[in-house]
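# Residue-level structure breakdown
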Amino acid sequence: MELALLYSGGKDSSLAALLLDTFYDVTLVTAHFGVTKDWTHARDAAAELGYAFETLELDREVAAAATARMVEDGYPRGGIQHVHEHALEAVCGLDFDAVADGTRRDDRVPSISRAQAQSLEDRHGVDYLSPLSGFGRGAVDRLVESHLDVETGPSEEIPKADYEGELRHLIAAEHGQAAVDEVFPDHVQSYVHGRR
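Residues numbered from 1 in each chain as written. Predicted model: local features only at pLDDT ≥ 70, side-chain atom pairs only at ≥ 80, totals over all residues. Heavy atoms only, no water.

The name given to the protein chain in an unreviewed UniProt entry is Alpha hydrolase, with the source organism recorded as Haloferax volcanii.

## Some words on the packing of aromatic side chains
Applying the stated criterion across every chain yields a total of zero aromatic pairs. Residue placement shows Arg168 over the ring face of Phe184; its charged tip is 4.6 Å from the ring centre. (Phe/Tyr/Trp six-rings, centres within 6.5 Å; stacked < 30°, edge-to-face > 60°. Lys NZ or Arg CZ within 6 Å of the ring centre and 35° of its normal.)

## Section: unusual backbone geometry
Cis geometry marks the peptide bond from Val109 to Pro110; its omega dihedral reads -10 degrees. The residue Pro110 is located in the loop between β4 (98-100) and α5 (114-124) in this model. (Helix = DSSP H or I, 4+ residues; strand = E, 2+ residues; numbered from the N terminus.)

## Notes on the pattern of salt bridges
In the structure shown here, the tally under the stated rule is eight salt bridges. With a closest N to O distance of 2.9 Å, Asp12 and Arg104 form a salt bridge. Placement of Asp12 in helix α1 (residues 11-20) and of Arg104 in the loop between β4 and α5 is noted, with a sequence separation of 92 residues between them. Summarising the burial analysis for this pair, Asp12 and Arg104 share the class buried. In this structure, Asp107 engages Arg104 in a salt bridge whose closest nitrogen and oxygen atoms are separated by 3.1 Å. Like Arg104, Asp107 is buried. Three or more residues are tied together by salt bridges with common partners; here these are Asp12, Arg104, Asp106 and Asp107. (Salt bridge = Lys/Arg side-chain N within 4 Å of Asp/Glu carboxyl O. Buried < 20%, exposed > 50% of the residue type's maximum accessible area, 1.4 Å probe, protein only.)

Listed below in structure tokens is the structure:
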């Protein structure tokens, strides 16, 4: 069976791919808005892991709505959730038997509720999988440490292909770097360079 996994090049989505490839033919799909070339980081990580890779360009109006919400809220949660839901809807429109993401049990955002998962499946005729939904941060970190070569550091310094990079770029272009610094708290990101 063919599965599309939303992929950022980070540790969570990479670990999800490793867990799923026993049962599915996994294609890593990076959704982006065409604002930057950040998607190339995911392409390179996918190549290092040995997976097929595709990109999916998302609706720029979704990015505009997400960034407006982030600036209004003063934090990224609602905007990131909005983009992730849109990305899942878009990837469900591709020709795959199943779709998945790398969300963990203790993720605040993005997260997909049981009702949202069932709705995706019913409306699109695909299986939705969240293979890390039973794993907490500690379990994920231990598995990643033993199976993946990962670089971690401050979000603004780590190469990545998640939604955040493009959304940061859009906020900076419209509202300035100070708005980006206000919206996004300091946090650590990861980038996968291959398997151990």
